[in-house]
Amino acid sequence: MLKSTDGDVVKTSEETRASLHWPVVLYVPNLIGYLRITLVAAAALTKQFETSIACYVACASLDFFDGIAARALKQTSRFGAVLDVAVDNVQRAVAWHHAACAWSAPAFVAVPCVEWMVFAITHATSDSEWKEDLATTAKTTPPLFVRVVMANGFKTVPGLVAISGLHCLPAALWCAKSAPAQTTLSALSNHRLVLGILILGRLLAFAVEAYVATTYLSKLADADRRKKTTSRTS
């Protein structure tokens, strides 16, 4: 998939042929997304921990394969990109819900609320290109910690720590209280070093989320001010 000089998406001939054979909603990566939704729903509704966590892990594992399928079959789409992130958010929300119940900490549910807010912001105008859009619309250079975390698509040590905290902390907190004692899962989830790294990662992710949110709101406020100024001078 290429971009023209005016920013419009232009499909290659191979991608065009692939898209003609299948409606977007039936692309294989999107079918995987629907299966993930089913699994995360089962994880949310099943009361038995072993079954619930198995569905959760299966859902998380399939997240690895939808991207591979999209590239291999040339079935990339904006619908699929949004679906993938939305399912990730639902999956983490389920884990935070279980963690909140296990720890008797209802405040945990505030975390997925923040994640959905950031999802709405990052996909409001630029879809999956929000990272590049953020870099080009920010008034000033992003803070050092934001640049370090987001460098190379989060493929840095701080970036990997942040992504690990984002995705793994809710499941770790859930398992720390719910997994049967004397099991590897329980021991790993309760390990202080593991929890410490995941908490640090989630705090890094939260700091980036706060920067993204404030930058976007500042952009909206500036647009409103310019609009008012233009209307007064006209």
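This text goes with the structure placed above it.
Novice: Lay out the packing of helix α4 (residues 78–103) against helix α8 (residues 157–178) with the relevant residues and their values.
Specialist: α8 packs onto α4 with a crossing angle of 30° between their chain directions and a minimal axis gap of 8 Å. In terms of orientation, α4 and α8 fall into the roughly parallel class. Here α4 runs over α8; the crossing is left-handed. On α8, the residues that touch Asp88, Arg92, Ala95, Trp96, His98, Ala99, Ala102 and Trp103 of α4 are Leu166, His167, Leu169, Pro170, Ala171, Leu173, Trp174, Ala176, Lys177 and Ser178.

Novice: Go over the side chain of Gln91, please, and point to the residues and values.
Specialist: Inspection of the secondary structure assignment puts Gln91 in helix α4. On the accessibility criterion, Gln91 (7% relative accessible area) is buried. With residues near it in sequence (within four places) discarded, Gln91 still touches Arg36, Val40, Tyr56, Cys59 and Ala60.

Novice: If you had to explain the nonpolar core to someone new, which residues and values would you point to?
Specialist: Nonpolar side chains in soluble globular proteins tend to end up buried together. In terms of nonpolar packing, the biggest core is built from 26 residues, with Phe49, Ile53, Tyr56, Leu173 and Trp174 touching the most fellow members. Looking at this core, the elements with two or more residues in it are α2 (28–45), α3 (49–72), α4, α8 and α10 (192–233). In terms of residue count, the dominant contributor to this core is α3 (7 residues). Counting residues in each nonpolar core, the second largest holds 14 residues, with Val146, Val212, Ala213 and Tyr216 among its members.

Conventions used here
Residues numbered from 1 in each chain as written. Predicted model: local features only at pLDDT ≥ 70, side-chain atom pairs only at ≥ 80, totals over all residues. Heavy atoms only, no water. Axes fitted to C-alpha atoms, helices over the stretch in contact; angles between N-to-C directions. Helix = DSSP H or I, 4+ residues; strand = E, 2+ residues; numbered from the N terminus. Parallel < 35°, antiparallel > 145°, perpendicular 65-115°, else oblique. Left-handed = near helix turned anticlockwise from the far one by under 90°. Contact = heavy atoms within 4.5 Å. Buried < 20%, exposed > 50% of the residue type's maximum accessible area, 1.4 Å probe, protein only. Core = buried A, V, L, I, M, F, W, Y, C linked by side-chain atoms within 4.5 Å.

Treat this as a map of the structure, not an account of what it does.
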